Amino acid sequence: MGRMDNRVVCITGAARNQGRSHAVRLAEEGADIIALDICRSLTTVDMYPGATAADLEETARQVRELGRRVVTHVVDVRDADALDTAMAQGAADLGRLDVVVANAGIFTRSAAIDMPVAMWQEMIDVNLTGAWHTARSGIRLMREHGNGGSVIIISSGAGFKGAANAIHYTAAKHAVVGLARALAIEAAPDDIRVNTLHPTNVATTMIQNDATYQMFRPDLENPSMQDALDGFASINVLPLPWIEPRDVSNALLWLVSDEARYVTGIAMPVDAGLSVK
Ligand SMILES: NC(=O)c1ccc[n+]([C@@H]2O[C@H](COP(=O)([O-])OP(=O)(O)OC[C@H]3O[C@@H](n4cnc5c(N)ncnc54)[C@H](O)[C@@H]3O)[C@@H](O)[C@H]2O)c1
């Protein structure tokens, strides 16, 4: 018996890292997976490379290896119609939809007063509007199926606190908390729960890159990951630079499972104490 037996879960940004980890962890507990990702770099994101179609296929392979069913679609969460179609197709192929995880996101960095408008706009379009599109498509389908359901939006420690040189990321990650709270009220009559998850640094491509090491060690010309460890750790209370994707997946698993059946409208930290510092 798994905690997600007979459930179908749709995850955006599922090609790699946290999205892949969520797909695999929920599949381990019996879920079938609709895995969506844009599978390319975005215009303003120059700190790290984008995911690829091969990455998305690797997620699917890992889910299949667990004996679960999986469908994949290359889709941009900014494209509401395409997202509607992909999610509906996935739900039709797998027979239902129970959980939607709005995990797709980007990170870019600039001092606020120098930030190009295009950088601001792409962040808001992906990390905020994309989360709304994802929740909207999912809630429509879950309402149609009539079995209730659960929506998780992946926010961040930057959904609780200001992150310097990332006003756009901070604004979007705060905004999804409001989005989730209001949606939780609207979706509740259909027994659909809506919550946000707030990880601290997670060991993924988004932060494990030279540009981020430079951010923590502006005093060095070419800082290594090792050089940046104290900087990463400085935001946490527990003495560690980052958590692993699986730490976020385990919290997600609880939040979408029946064990959390009366939990809705919360902003749940998985943050090594970041929010109390
Ligand atoms: N890594 C961290 O330290 C950290 C901390 C807190 C929150 N987060 C959040 O966790 C989530 C996952 O990030 P990650 O760390 O796994 O980084 P990642 O870059 O490996 O994963 C993000 C995924 O989203 C996909 N994506 C980006 N834009 C998309 C779009 N428009 N449409 C569809 N897919 C798109 C990417 O292709 C990628 O596969 C993000 O929302 C991020 O903001 C990350």
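An account of the accompanying structure is given in this report. (Residues numbered from 1 in each chain as written. Predicted model: local features only at pLDDT ≥ 70, side-chain atom pairs only at ≥ 80, totals over all residues. Heavy atoms only, no water.)

**Brief notes about the site of the ligand**
Okay, so step 1: Lining the immediate surroundings of the ligand are 31 residues, of which Arg 16, Asn 17, Asp 37, Tyr 169 and Thr 204 lie closest.
Okay, so step 2: Taking Asp 37, its side chain carries an N or O atom lying 2.6 Å from an oxygen atom of the ligand.
Okay, so step 3: Take Lys 173: an N or O atom from its side chain is 3.0 Å from an oxygen atom of the ligand.
Okay, so step 4: For the ligand, whose free accessible area comes to 830 Å², the fraction covered by protein is 98%.
Okay, so step 5: Of all the secondary structure elements, the ones that give two or more residues to the shell around the ligand are α1 (17–28) and α5 (167–187).
Okay, so step 6: Tallied by class, the residues present in the shell around the ligand amount to 16 nonpolar, ten polar and five charged. (Near = heavy atom within 4 Å. Polar contact = N/O pair within 3.5 Å; in protein donor to acceptor, adjacent residues only side chain to side chain. Areas by Shrake-Rupley, 256 points an atom, 1.4 Å probe, with all protein chains shown as cover. Helix = DSSP H or I, 4+ residues; strand = E, 2+ residues; numbered from the N terminus. Nonpolar A, V, L, I, M, F, W, Y, C, P; charged D, E, K, R; others polar.)

**Description of the packing of aromatic side chains**
Describing an aromatic ring pair means giving the distance of the ring centres and the angle of the ring planes.
Okay, so step 1: Taken as a whole and judged by the stated rule, the model has four aromatic pairs.
Okay, so step 2: Where Phe 107 meets Tyr 169, the ring centres are 5.0 Å apart and the plane angle is 85 degrees; that geometry is what we call edge-to-face. Placement of the pair is Phe 107 in the loop between β4 (99–102) and α4 (117–145) and Tyr 169 in helix α5, with a sequence separation of 62 residues. The exposure classification of Phe 107 matches that of Tyr 169, with both residues buried.
Okay, so step 3: Taken together, the ring pairs connect Tyr 213, Phe 216, Phe 232 and Trp 242 into an aromatic cluster.
Okay, so step 4: Its end group placed over the ring of Trp 132, Arg 136 keeps NZ or CZ at 5.1 Å from the ring centre. (Phe/Tyr/Trp six-rings, centres within 6.5 Å; stacked < 30°, edge-to-face > 60°. Buried < 20%, exposed > 50% of the residue type's maximum accessible area, 1.4 Å probe, protein only. Lys NZ or Arg CZ within 6 Å of the ring centre and 35° of its normal.)

**Considerations on the packing of helix α3 (residues 80–94) against α4**
Okay, so step 1: Where α3 contacts α4, the axes come no closer than 9 Å and their chain directions differ by 40 degrees. As far as their axial angle goes, α4 and α3 are oblique. Judged by the sense of rotation from one axis to the other, the crossing of α3 with α4 is right-handed. Only His 133, Thr 134, Arg 136, Ser 137, Gly 138, Arg 140, Leu 141 and His 145 of α4 make contact with α3, whose side of the interface consists of Ala 80, Leu 83, Asp 84, Met 87, Ala 88 and Ala 91.
Okay, so step 2: The class makeup of the residues in the contact of α3 with α4 is six nonpolar, five polar and three charged. (Axes fitted to C-alpha atoms, helices over the stretch in contact; angles between N-to-C directions. Parallel < 35°, antiparallel > 145°, perpendicular 65-115°, else oblique. Left-handed = near helix turned anticlockwise from the far one by under 90°. Contact = heavy atoms within 4.5 Å.)

**A few points about the pairing of strand β2 (residues 32–37)**
Okay, so step 1: The element β2 is extensively covered by neighbouring structure, given that six of its six residues are classed as buried.
Okay, so step 2: Residue alternation in β2 divides its side chains into two sets, Asp 32, Ile 34 and Leu 36 and Ile 33, Ala 35 and Asp 37, and both sets are buried.
Okay, so step 3: Both strand β1 (residues 8–12) and β2 contribute to a ladder of five bridges, which runs parallel. When the sheet's bridge partners are listed, Val 8 is paired in β2 with Asp 32.
Okay, so step 4: Assessed by its sense of winding, the connection that carries the chain from β1 through α1 to β2 is right-handed.
Okay, so step 5: As defined by bridge partners, β2 adjoins strand β3 (residues 70–74) across five bridges and the pair is classed as parallel. Looking across to β3, one finds that Ile 33 is bridged to Val 70.
Okay, so step 6: At this point the chain moves from β2, through helix α2 (residues 53–65), to the parallel β3, and the crossover so formed is right-handed. (Pairing = 2+ DSSP bridges. Right-handed = clockwise from strand over helix to strand, strands pointing away.)

**Description of unusual backbone geometry**
Phi is mostly negative for residues that are not glycine, and the peptide bonds are mostly trans.
Okay, so step 1: With a phi angle near 50 degrees, Asn 17 is a residue other than glycine that sits in the positive phi range.
Okay, so step 2: Mapped onto the fold, Asn 17 is located in helix α1.
Okay, so step 3: Residue classification places Asn 17 among the partly exposed positions, given a relative accessible area of 26%.

**A look at α2**
Okay, so step 1: Compared with an ideal rise of 1.5 Å per residue, which puts 13 residues at 18 Å, α2 spans 18 Å between its outermost C-alpha atoms and is within 8% of the ideal.
Okay, so step 2: Every buried residue belonging to α2 is among Leu 56, Thr 59, Ala 60 and Val 63, and all of these are buried. Viewed end-on, α2 has its buried residues packed into an arc of 95 degrees, placing them on one side of the element. Exposed positions of α2 whose direction lies more than 90 degrees from the buried face are Ala 54 and Glu 65.
Okay, so step 3: Residues of α2 that are buried make contact with α1, β2 and β3.
Okay, so step 4: Once α2 finishes, Gly 67 follows within two positions and takes phi at roughly 85 degrees, a positive value. (Expected span 1.5 Å × (residues − 1). Arc of directions from axis to C-beta.)

**Things to note about the environment of Gln 121**
Okay, so step 1: Mapped onto the secondary structure, Gln 121 falls in helix α4.
Okay, so step 2: You can call Gln 121 partly exposed: its relative accessible area is 37%.

By themselves, these figures tell us nothing about what the structure is for.
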